[in-house]
Amino acid sequence: CYPRDQSKYSQINRCHDDRVGGPQFRNRKGRGHFRGHMHSQPVRQRLRGGPVGGFGPGPRSRLEDEDGDVTMSDGQDGVPQRRFNPYGRPNRRDGRFDRDKRGGEGGFMGYRSAGGSGALGDATRLGGGTSSEKSRSWFKITIPYGKKYDKKWLLTALQNLCPLPFSPIHYSTEGQKVQFYLDDATSANALCKLTRRITDTEGYKVVVFMNPCPPPSFLQSDLKEQDLEHLKQCMSKRFDRSKQYLNLSSIRTDPALISQNIEVILNRRTCMQAVIKIIEENVPELACLNLSNNKLYKLDDLAELVNKAPNIKTLNLSHNELKSERELDKVKGLKLTELWLDRNPLCDHFKDQSTYISAIRERFPRLLKLDGHDLPAPIGFDVETGTTIPPCKGSYFGSDEIKEFILRFLQQYYSVYDSGDRQPLLDAYHEAACFSLSLPFSMHNPSRSSLGDYHKDSRNIKKVKDPATRFRLLKHNRLNVVAFLNELPKTQHDTASFSVDVNTYTQTLLAFTVSGVFKEMDGKSRDSVRAFSRVFIAVPAMNSGLCLVNDELFVRNATTEEIRRAFAAPAPTPSSSPVPTLSASQLEMLSAFSQKSEMNLEWSQKCLQHSEWDFSRAVQIFTELKVKLNRCICRGV
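Conventions adopted
Residues numbered from 1 in each chain as written. Predicted model: local features only at pLDDT ≥ 70, side-chain atom pairs only at ≥ 80, totals over all residues. Heavy atoms only, no water. Pairing = 2+ DSSP bridges. Helix = DSSP H or I, 4+ residues; strand = E, 2+ residues; numbered from the N terminus. Buried < 20%, exposed > 50% of the residue type's maximum accessible area, 1.4 Å probe, protein only. Axes fitted to C-alpha atoms, helices over the stretch in contact; angles between N-to-C directions. Contact = heavy atoms within 4.5 Å. pLDDT = per-residue confidence, 0-100. 1 Å grid on protein atoms, 1.4 Å probe; cavity = no way out; pocket = protein on both sides within 12 Å on 5 of 7 lines; lining within 4 Å. Points joined across faces, edges and corners; volume = space filled by probe spheres on them. Nonpolar A, V, L, I, M, F, W, Y, C, P; charged D, E, K, R; others polar. Salt bridge = Lys/Arg side-chain N within 4 Å of Asp/Glu carboxyl O. Arc of directions from axis to C-beta. Phe/Tyr/Trp six-rings, centres within 6.5 Å; stacked < 30°, edge-to-face > 60°.

In the nomenclature of an unreviewed UniProt entry, the chain is known as Nuclear RNA export factor 1 of Pygocentrus nattereri.

Following this line, the structure appears as structure tokens:
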């Protein structure tokens, strides 16, 4: 469907959106229906209007900061053309938010002037910049999902592989991506070649995009004094004093500004700052603000409104380019009751209307109207300021019988766990037992974390998304569970710090959580105090004890208060062996009692020690406890 004339084809190819075709996209998945080069002609280097190599001023790419379509010369008759964008949406100006309102009762010219140089003092006209800035070539480096990386780690990894030194300018994050600028074509080209050559700790490849761009907006100069005055007059005509309503919809195309050759692009920091300064100095009681149809894709510079115009209750951001609801976090300090977001890409990210409303109301809990639709009244609680959280309650067991049973189990379990050999814990686990370890979710480099010894085995599903990896990190069957426990650092638990919560107990199941602190006894983190929470799920064992079928351990760094209170009372040093040296008669009694009670040697020894090695008394105590446990379990049902 394209002209066969090659000169015309070249012109179309230059104007075509950067997301289509091009050798750099040949093997990459596209965002739309196009996934490669569209045309049957041989792939050729696309012209950018600059020096050899494809750099220099030319059509702007899809990753640029600047918004809007650009006018380009045909090259033959000089007639300006609108850039072809196959992904663009129709330019609709049918917003429902008082779209035709352009004035009211006289504007705000009667308020005090915005005169004086101030923060928006004398400078060159917006969109200009110094001649040296214009002569330099600028390149925007974008790293998708780069926000999760530590800045120093990321830049060091890039610099180590880049054959040329580079100095990132204006390193910043936008959503989940990292972006910065370079003013050297050679360094930018070398950096672009590093894409997918760096692998992070999770096994993902670091992608690097490079795009030529005009001088960044933060280098562009402020409006001149006379430009500010024209902007103020324009805003005055759009202000309705009776309703404290300011309509800045499509401000860029306002005839009053165009006639003065003033370009107000609210995506530019200088423009938004100028607008907010005029609002602050002239209409600080502003209640309604309409910013629709301004192609806003970020709200960083709008955040100042929270302090400059705190009385805003109605905000219209419809017909813009906001891609994520997270942008609203920057203005969630406003106590909005009405908000318009329709015709923004973010509206397409929600599976249904209720999810959309919930996500927006999470940021603006007082919201009563969204996109022109009334919302149910918000549910809130009047809480007096200064209310403190009540202190944590102690352990909960449900009954004394369960309490005695669990405390005895924990004492036996951790006496073995803190010993030099955890192999005897095999008797405490079911043949098909399952174990998992989790650490708190953190964006920091794991190698720098004090919990680094545990990190490679952490199964925090907020961080581990791959199903195969999740399954691999589970330890199945008791042999693998105990083998893994033996690999963990040697510990000493502060049993006095234990807090136990029983959440389920029936005739066939017992589930409880144990929380407390422990101290590492070896390795590079020796004497480090950790906090833990451990969920045990157990079933009755044949020897009337407990058999663990599921064990989930969560480890974190202890707080300052937990460290201060840890091991306040001296704890006995655990034995290096779960079964100390016994006499010949005691060993014989231990073996006989273990066979009679069907308990393992560790538990049998505890029972005999409790009865002062009186065999008959030990049998009687064991029988009584067994009867009590069965009654307790029956009552739980």
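Asker: Report on the sheet that holds strand S12 (residues 369-370), specifying residues and quantitative values.
Answerer: Taken in spatial order, the 7 strands make up an open sheet running S7-S8-S9-S10-S11-S12-S13, and their pairing is mixed. What marks the edges here is a single partner per strand, and that holds for strand S7 (239-240) and strand S13 (373-374). Taken together, the 3 bridges between strand S10 (residues 314-316) and strand S11 (residues 338-340) define a ladder with parallel strand orientation. The partner of Leu315 across the bridge, within S11, is Leu339.

Asker: Describe unusual backbone geometry, and please don't skip the residues or the numbers.
Answerer: If a residue is not glycine, its phi is most likely negative; likewise, a peptide bond is most likely trans. Positive phi is not limited to glycine here, since Tyr145 has a value of about 60°. Following the sequence through the fold, Tyr145 ends up in the loop between strand S3 (138-143) and helix H3 (151-161). Within the chain, His170 stands out as a residue other than glycine whose phi angle is a positive 60°. You can call His170 partly exposed: its relative accessible area is 43%.

Asker: So, the sheet that holds strand S4 (residues 169-174): which residues are in play, and what are the values?
Answerer: Here 4 strands make up an open sheet; going across it, the order is S4-S5-S3-S6 and the pairing antiparallel. Only two strands of the sheet have a single neighbouring strand rather than two, namely S4 and strand S6 (209-213). Pairwise comparison of adjacent strand axes, ignoring direction, gives a mean angle of 20° for this sheet. Inspection of the sheet shows S3 paired to S6 by 5 bridges, in the antiparallel sense. In the sheet register, Lys140 faces S6, and the bridge partner there is Asn211. Strands S3, S4 and strand S5 (177-182) of the sheet are contacted by H3, whose axis makes an angle of about 125° with S4. Taken strand by strand, helix H4 (residues 185-192) contacts S3, S5 and S6, and its axis lies near 150° from that of S5.

Asker: Go over the confidence of the model for the chain with me, naming the residues and quoting the values.
Answerer: Here the chain averages 76 in pLDDT, and 70% of its residues register 70 or above. Note that residues 109-135 has pLDDT below 50 and, in this model, 64 contacts with residues that lie over four places away or in other chains. In the model, residues 571-580 has pLDDT below 50 throughout and makes 13 contacts with residues more than four positions away in sequence or in other chains.

Asker: Report on empty space enclosed by the protein, specifying residues and quantitative values.
Answerer: Counted according to the given criterion, the structure contains 8 cavities of 30 Å³ or more. In this structure, the second largest cavity occupies an estimated 70 Å³ of space. Considering the residues around the second largest cavity, the lining is formed by Tyr414, Tyr417, Tyr454, Leu488, Pro489, Thr491, His493, Phe518, Phe532, Arg534, Leu553 and Val555. When residues of the lining of the second largest cavity are traced back to their parent elements, those giving at least two are helix H10 (400-417), strand S16 (491-493), strand S19 (529-540) and strand S20 (546-557). Split by residue class, the lining of the second largest cavity holds 9 nonpolar, 2 polar and 1 charged.

Asker: Can you tell me about the pattern of salt bridges, naming the residues and giving the values?
Answerer: Tallying each qualifying case throughout the model produces 19 salt bridges. When the shortest N-O distance is used, the salt bridge between Arg238 and Asp254 registers 2.9 Å. Within this pair, whereas Arg238 is found in the loop between helix H5 (225-237) and S7, its partner Asp254 is found in the loop between strand S8 (245-247) and helix H6 (255-258), the two being separated by 16 residues in sequence. By the burial criterion, Arg238 is buried, and Asp254 matches it. One network of salt bridges, with partners in common, ties together Arg252, Glu263 and Arg268.

Asker: How would you summarise H3 if you had to cite specific residues and measurements?
Answerer: Of the positions making up H3, those classed as buried are Leu154, Leu155, Ala157 and Leu158. The buried residues of H3 occupy an angular sector of 160° when the element is viewed end-on, so they sit on one face. Those residues of H3 that are exposed and aimed more than 90 degrees away from the buried face are Lys152 and Asn160.

Asker: Go over the packing of aromatic side chains with me, naming the residues and quoting the values.
Answerer: Counting across every chain of the model gives 20 aromatic pairs. Ring plane angle 20° and centroid distance 6.0 Å describe the contact between Tyr413 and Tyr417, whose orientation is recorded as stacked. A residue pair is termed a helical-turn pair when its members lie 3 or 4 positions apart in one helix, as Tyr413 and Tyr417 do in helix H10 at 4 residues. Given the relative accessible area of 3%, Tyr417 is considered buried. An angle of 80° between the planes, with centres 5.7 Å apart, marks the rings of Phe498 and Phe532 as edge-to-face.

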